[in-house]
Amino acid sequence: MARFLRKPDSSEVRLPGAEDAGDYKEGPARTESPARTEPPAGTAAPHGRAKVPGLGRPGREVLLWVSGLPVLVVLILAVLPLLTSSYALFNLMDQILILGVFAMSYDILLGYTGIVSFGHVLFFGTGAYTVAIILKHTGPGLGFLLLAVFGTVLISLVISLVIGYLSLRVKDVYYAMITLAFAELFAIIAEKWRGATNGADGFSFRIPHFLEDPILFYYFILVFAVLTVILVRRFIHSPTGRVLLSIRENEKRAEFLGYNVIRFKLISTLVAGVVAGLAGIAWALQQAFVSTGVMATDKTIDALLITTIGGSGTLYGAFIGSGLTNFASDRLSSLAEHYPLLQRWHLIFGLLYILIVLFFPGGILGFFRGKRAGKGARGYRTGLQKGQR
Amino acid sequence: MGMATFINLTVNGLSTGMMIFLLASGLSLIFGLMGVLNFAHGSLFMLGGYTGVVVFAHSGSFILALVSAMLVGVSVGWVVERLTVRRVYGNAIAQILITTGVMIVLNELVKAVFGPDIIATPVPPLLAGSWAIGSVILIKYRLFTLAVGLVVAVTVHLLLTKTRLGMVVRAGVENPEMVQALGINIRQVFSLVFAFGAALAALGGVMMAPAVGAVNPDMGLQNQMLAFIVVVIGGMGSFLGSALGSILVGLAGAYTAWFLPEASLAVNVLLMAVVLLLRPNGLFGMGGE
């Protein structure tokens, strides 16, 4: 992991005009610090090691607001078990957090690099199957869980390297098409390789003892979500993450500045794949069961819906979207007994999603942030290559 | 594998290839012209299949089913282009996102109306059965789809090469800005191509339904994925490439299905990977960026 977090070669950073890339940040990028290691000369804030060069007082207030609120939310989530003992609620919260992490990993691609994947579920599914198969054959031990994590990371890296190498060299849209084909291939493998996966029927397995208590498991998932958020935030704000943003905003410019665009995109898919794989592990542990459902393209589409509705390019938007869609679908499925049309709750989210793509590309979080900062958070709509063929 | 089986598989593969070609050619032209990767294209294919099933069940006329499916394809395609794709013109990512949204909505609508399960689709009586020539058995319906596919392919090829509109479309694929600069409203041409591509997709769907014996809401995305493989192999924007790619994918699928049905998609994905390694822009792709 650390290898991918390192800053680009200093020669790349010092290229003339490299600091221009920072000017093309929009939305979330504006409220956060640029490359920490080497702030471009001339934009450093007056007093010492200021974290927010170039931002005035209002900008800093916004920063406080954005960094303060998540902490508050985590605190509320942490005391939740004191307020309620509804296992159904913990179950829902687990799913919201896990799918939030999955959607956040999707956001690395969609919101921070500007590429669309239709095969993100294959990392999720690989993680889920890896942990399920290992725990089923070895018994519920912590060591085997760690082995599964290690295996998932390794497999995710290999798969994203292969797919990325094949597709990213051509055009961005190829990534969408080729990932879909590979996801379908993985879904078929999961279905046909009955010896290992038991096909569409799936199989259940025993999770490590210390995770069997719902409240402990909830804390486990909460800690997992917080850790991944911190890691992904760290990655997004690393020099590599900054380069990804500049690629999202203007790929040609990033290329002219001397960045190896394909290599950076590849890093982005590697990180996104690994995080998605970890989310898959958590999902399998939560269900204590896997079936071909964890490889279904529907899950990729869910991640796309969650990320876009919550706000692409905002990181936390994934959790807002996940909370909203999972809570609503939970409510709607209980209502669906009386109103059959509500069984098709995806229809409602599909329409909401289209409206958001058309009118609020920053999603829910982008909408509110835009209001607060007094700027239109236009998300991916900004600066993408116009009329790309 | 005897000669008879080989011929049979070849006919089957070509017939499947033709139906994928109807989907892939529209996809490829739409992309070539405006850089729009239409993720709702498979949904139009599926919509065509369902329209065909409904019309055929009520009227008993397969011709009517074909025509009405194409009409539904044109109208839905036109509306989709007007309401969504047009609004995010020039933004490749937003176009993928918006057409995906259309795909979700169309699929959910179909599920809401017809239910999520498959609906069995009979082969029209006139085309049912098969001819036996010696030990070679030719399924009538497969030959029919092959013939229709060929007619459509030749017609579209003639439209593209012999008419003024076709010339504009080909020029637009090469260089849209230049065509625009020459005083042609490229967006209007694009709307036309989009609706026309939708009609071809719907035609593919209505023909596919009796061939596989059923329609289901997922048939759109599954065949769209094959169409993606086809355009990656053939090269985005190339009509000839789509034709060749479809035949390759259809045949590869049919031959592997005989030996090892599980591996038929794997072979196609492998084929795509090899093409991507050797010729990243596809067999007939037009240069890189």
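None of the values given here were measured: they were computed from a predicted structure.

A.B. asks: Describe the overall build of chain A, and please don't skip the residues or the numbers.
C.D. replies: Secondary structure summary: chain A contains 17 helices and two strands in total. Out of the 389 residues belonging to chain A, those deemed buried represent 48%. Here the contacts in chain A between residues at least 6 apart in sequence split such that 77% fall between residues at least 24 apart.

A.B. asks: Quick rundown of the UniProt feature "transmembrane region" (unreviewed entry) in chain A? Include the residues and the values.
C.D. replies: Residues and elements named next belong to chain A. In the numbering adopted here, UniProt assigns the feature "transmembrane region" (unreviewed entry) to residues 62–80, 112–135, 142–167, 173–190, 216–236, 266–285, 305–325 and 345–368. Secondary structure within residues 305–325 divides into 71% helix and 0% strand; the distance between the first and last C-alpha atoms comes to 9 Å. With 88% helix and 0% strand, the stretch residues 345–368 has end C-alpha atoms that lie 25 Å from each other.

A.B. asks: Residue-level account of the packing of helix α5 (residues 87–110) of chain A against helix α14 (residues 297–310) of chain A, with values.
C.D. replies: The angle between the axes and the distance between the axes are what describe a pair of packed helices. Residues and elements named next belong to chain A. The N-to-C vectors of α5 and α14 enclose an angle of 80 degrees; their axes lie 8 Å apart at closest approach. Taken together, the axes of α5 and α14 lie roughly perpendicular to each other. Contact with α5, carried on its side by Leu-99, Phe-102, Ala-103, Tyr-106, Asp-107 and Leu-110, involves Asp-302, Ala-303, Leu-304, Ile-306 and Thr-307 of α14 and no other residues of that element.

A.B. asks: Could you give me a rundown of the nonpolar core, with the residues and numbers involved?
C.D. replies: In terms of nonpolar packing, the biggest core is built from 193 residues, with A:Phe102, A:Ala128, A:Ala279, B:Ala202, B:Leu203, B:Ile229 and B:Val232 touching the most fellow members. The residues contacting B:Leu203, other than those within four sequence positions of it, are B:Leu22, B:Gly48, B:Leu66, B:Ala69 and B:Met70.

A.B. asks: Describe the environment of B:Ser264, naming the residues involved and giving the relevant values.
C.D. replies: All names here are of chain B. Take Ser-264: it is sitting in helix α11 (residues 264–278). Between the C-alpha atom of Ser-264 and that of Gly-253, which follows or precedes it by eleven residues, the distance is 4.9 Å. Apart from residues no more than four positions distant in its own chain, Ser-264 is found in contact with Gly-253, Thr-256 and Ala-257.

A.B. asks: Which residues make up the interface of chain B and chain A, and what values go with them?
C.D. replies: On the side of chain A, 41 residues touch chain B, which itself brings 35 residues to the contact. Elements supplying a minimum of two residues to the side of chain B that touches chain A: α4 (92–114), α9 (219–234) and α11 of chain B. It is α4(B) that provides the largest number of residues to the side of chain B that touches chain A, a total of 14 residues. Partitioning the side of chain B that touches chain A into residue classes produces 24 nonpolar, seven polar and four charged.

A.B. asks: So what's going on with the packing of helix α8 (residues 172–192) of chain A against α11(B)? Residues and values would help.
C.D. replies: For the pair α8(A) and α11(B), the least separation of the axes is 10 Å and the interaxial angle reads 150 degrees. In terms of axis orientation, α8(A) runs roughly antiparallel to α11(B). When you trace α8(A) past α11(B), the crossing you get is left-handed. Taking contact as the criterion, the partners of A:Ala181, A:Phe182, A:Glu184, A:Leu185 and A:Ile188 in α8(A) are, on α11(B), B:Leu265, B:Ala266, B:Val269 and B:Met272. Grouping the amino acids of the contact of α8(A) with α11(B) by side-chain chemistry returns eight nonpolar, no polar and one charged.

A.B. asks: So what's going on with the pairing of strand β3 (residues 136–139) of chain B? Residues and values would help.
C.D. replies: Residue and element names in this part refer to chain B. Looking at chain direction, strand β2 (residues 130–133) and β3 are connected through four bridges and run antiparallel. Within the sheet, the bridge partner assigned to Trp-131 lies in β3 and is Leu-138. What sits between β2 and β3 in their antiparallel hairpin is a turn of two residues, with Gly-134 showing a positive phi close to 65 degrees.

A.B. asks: Can you explain the UniProt feature "transmembrane region" (unreviewed entry) in chain B? Please cite residues and give values.
C.D. replies: Residue and element names in this part refer to chain B. Under the present numbering, the feature "transmembrane region" (unreviewed entry) in UniProt falls on residues 20–40, 60–81, 88–106, 143–160, 189–213, 225–252 and 258–278. Helix and strand shares over residues 88–106 are 79% and 0% respectively, and the end C-alpha atoms of the span are 19 Å apart. Summarising residues 225–252: 86% helix, 0% strand, and an end-to-end C-alpha distance of 15 Å.

A.B. asks: Before we move on, could you go through the environment of B:Leu29 and cite the residues and values that matter?
C.D. replies: Residue and element names in this part refer to chain B. Its place among the elements puts Leu-29 in helix α1 (residues 3–34). Overall, the presence of 28 C-beta atoms within 10 Å leaves Leu-29 in the buried class. Residues in contact with Leu-29, not counting those within four places in the same chain, are Val-169, Val-193, Gly-197 and Phe-239.

Rules used in this analysis
- Residues numbered from 1 in each chain as written.
- Chains lettered and ligands numbered in written order.
- Predicted model: local features only at pLDDT ≥ 70, side-chain atom pairs only at ≥ 80, totals over all residues.
- Helix = DSSP H or I, 4+ residues; strand = E, 2+ residues; numbered from the N terminus.
- Buried ≥ 20, exposed ≤ 12 C-beta atoms within 10 Å, placed from the backbone.
- Contact = placed C-beta atoms within 7 Å.
- UniProt positions renumbered as here; feature names shortened; annotations may be inferred.
- Axes fitted to C-alpha atoms, helices over the stretch in contact; angles between N-to-C directions.
- Parallel < 35°, antiparallel > 145°, perpendicular 65-115°, else oblique.
- Core = buried A, V, L, I, M, F, W, Y, C linked by C-beta atoms within 7 Å.
- Nonpolar A, V, L, I, M, F, W, Y, C, P; charged D, E, K, R; others polar.
- Left-handed = near helix turned anticlockwise from the far one by under 90°.
- Pairing = 2+ DSSP bridges.

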